[in-house]
Every structure is written in C-alpha cells, then in structure tokens.
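Summary of the model geometry
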Amino acid sequence: MKQKKLKTQNFADGTGSIGIAPGFTLVDQKRDSIIITGPDGTQVALGQYGTTIVPQAVQFGAEKFATVTNDLSDPLRATADFVEQTGRKAGKPMRLKILEQKAIPGQGMRAVVLRYRVEGAAPFEGFGFFAAGPVGSGMGQTYASFIGAPSAAAFKKYAPMMLAMWQSRKTNFGSKAFTEVPVEMAEKLETMRLQAIEVRKLL
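The present account deals with the structure reproduced in this document.

1. Some thoughts on unusual backbone geometry
Phi at Asp40 is positive, roughly 55°, even though this residue is not glycine. Structurally, the position occupied by Asp40 is in the loop between β4 (33–37) and β5 (43–53). For Asp40, a relative accessible area of 49% gives the class partly exposed. One non-glycine residue, Ser137, adopts positive backbone phi at about 55°.

Here is the structure:
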C-alpha cells in the first residue's frame, strides 16, 4: 500500500523546512539540528553535533560532556565510544554492532554511512551518517544524522517514511557539506534496497 504524502513544516527560525509523515512529530529544531519522533519509539535525528576528546587531554571533568576516544578522526570509533559511554553513565550497558558500512570520500572530516544495531539495555536499530574530525588541543567534533527504532520490526516498517522525511529536508543557509546528507547512499546497502524503493514512491 502506498504511503501517504509528507506534510511540509517550515522551521520557525526561517532556516528551512522538512516533510513530516503521518504519526510523526517535529519535537525540536535549531538550524540544521532536527529531532522527529514517531510510532513505536521511532526517531529521526538530523544534524546532531558532539564533542570528542583524547584520553590524555581529559581534565576538569571534561568526560562529562565529551566522548573520550583514542582517534578523533575515526567516526566509527567515536560512535562506538559514544554509545558505550552513554550507556555506562546511564547505568544501562550498551554496545554498537556494525551491520554494514560504507566510507564517504571527501575532504575535512572523515565520514561513513552505517547500518547498525545498539545492543544491551537500550536496543536500537539504525541507519545513519556519521563524521568526525579534530579541532585542536586534543579535542574534536562529531556530526551525526540517523534514523532508528527500538526493534528490527519497527525499523523495517517505518524506515521508508523516516528516509523520506530525511530526504525532504531543505535548508536556507551555509554549506551543504554536512547538512544535506545524500540519503540515496542508503540504496548502496543491501538491507536498505527495498526501503529505498518505497522512498521513491513518496517523492
């Protein structure tokens, strides 16, 4: 059955718009940082920035707001460390399992597209774009845009809608390098091939 059309929602700060699927809600937006929640615990999180720091530079409680990682330029390592450390802080052990990955060529931050699973106390099935790079003094920055759900069944059911919303995002400012991620990369991953067919029906 064909999915319903997305309803365009303009951002209050004038920086762009995004299409929202029935049953989903835009709960937070600041420039290119967007959070959308939906049925069965589904989530679309775009433009999520974070801070990383190497172990030898940690001081004055920096680990409370930054992800401690050994390689500031490795998005895989930074993402895995973020998941593990977030779980440890919350008392809910978690770990990242990579199901598929594809490096994204380019300059500056290293980036990768992942189909992944978070295992442990807070399971999560996801697909996303992750980038990382150093900014100096033993610190770095990460960027992530992803879709996901607490179960494989919910992810499979709602992935077409979530990818369509991601692809519908439009921005009115700055460089598109990390704000307009090419979600057609999803078509390169076998587990997303059928979902991508459904996405095209929505556009």
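Anyway, onward from the coordinates.
2. Topic: the sheet that holds strand β2 (residues 16–20)
Read from one edge of the open sheet, 3 strands run β1-β2-β11, paired in antiparallel fashion. Strands at the two margins of the open sheet, each flanked by one partner only, are β1 (7–10) and β11 (170–171). Each of β2 and β11 is contacted by helix α2 (residues 152–168), which is oriented at about 160° to β2, the strand it contacts most.

3. Some points on the nonpolar core
What tends to happen in soluble globular proteins is that the nonpolar side chains get buried as a cluster. In terms of nonpolar packing, the biggest core is built from 28 residues, with Phe24, Ile36, Ile147 and Met162 touching the most fellow members. The element best represented in this core is α2, accounting for 9 residues. In terms of nonpolar packing, the next biggest core, distinct from the first, is built from 14 residues, Ile35, Met94, Leu96 and Val118 among them.

4. Topic: the pairing of strand β8 (residues 110–120)
The pairing of strand β7 (residues 94–104) with β8 spans 10 bridges and is antiparallel. Bridged to Arg95 within β8 is Glu119. In terms of strand pairing, β8 meets strand β9 (residues 124–136) through 9 bridges, oriented antiparallel. In the strand pairing of β9, Arg117 is matched with Glu125. Hairpin geometry of β8 and β9 is characterised by an intervening segment of 3 residues between the two adjacent antiparallel strands.

5. Here's the deal with the side chain of Thr15
Note that Thr15 resides in the loop between β1 and β2. Classification of Thr15 by relative accessible area gives buried; the value is 10%. Within the structure, the side chain of Thr15 is placed 2.6 Å from the side chain of Asp13, a separation counted as a polar contact. Engagement of the side chain of Thr15 in a polar contact is seen with the side chain of Gln29, the distance being 3.3 Å.

6. Concerning the pattern of salt bridges
Counting across every chain of the model gives 6 salt bridges. The partner of Glu119 in a salt bridge is Arg95, with the nearest N and O atoms 2.7 Å apart. Note that Glu119 is positioned in strand β8 and Arg95 in strand β7, a separation of 24 residues in sequence. What makes Arg95 partly exposed here is its relative accessible area of 48%. Salt-bridge contacts for Glu125 lead to Arg117; the nearest nitrogen and oxygen are separated by 2.3 Å. The exposure class of Glu125 is buried, given its relative accessible area of 6%. By sharing partners, the salt bridges in this structure join Arg115, Arg117 and Glu125 into a single network.

7. Topic: the packing of aromatic side chains
Counting across every chain of the model gives 8 aromatic pairs. Ring geometry for Phe24 and Tyr158: centres 6.0 Å apart, planes at 75°, overall edge-to-face. Of this pair, Phe24 sits in the loop between β2 and β3 (25–30) while Tyr158 sits in helix α2, and the two are 134 residues apart along the sequence. The class of Phe24 is buried, set by a relative accessible area of 7%. Owing to a relative accessible area of 9%, Tyr158 belongs among the buried residues under this scheme. Where Phe127 meets Trp166, the ring centres are 6.1 Å apart and the plane angle is 50°; that geometry is what we call tilted. Of the two residues, Phe127 is situated in strand β9 and Trp166 in helix α2; the sequence distance between them amounts to 39 residues. The buried category is assigned to Phe127, whose relative accessible area is 2%.

The rules we used
Residues numbered from 1 in each chain as written. Predicted model: local features only at pLDDT ≥ 70, side-chain atom pairs only at ≥ 80, totals over all residues. Heavy atoms only, no water. Helix = DSSP H or I, 4+ residues; strand = E, 2+ residues; numbered from the N terminus. Buried < 20%, exposed > 50% of the residue type's maximum accessible area, 1.4 Å probe, protein only. Pairing = 2+ DSSP bridges. Contact = heavy atoms within 4.5 Å. Axes fitted to C-alpha atoms, helices over the stretch in contact; angles between N-to-C directions. Core = buried A, V, L, I, M, F, W, Y, C linked by side-chain atoms within 4.5 Å. Polar contact = N/O pair within 3.5 Å; in protein donor to acceptor, adjacent residues only side chain to side chain. Salt bridge = Lys/Arg side-chain N within 4 Å of Asp/Glu carboxyl O. Phe/Tyr/Trp six-rings, centres within 6.5 Å; stacked < 30°, edge-to-face > 60°.

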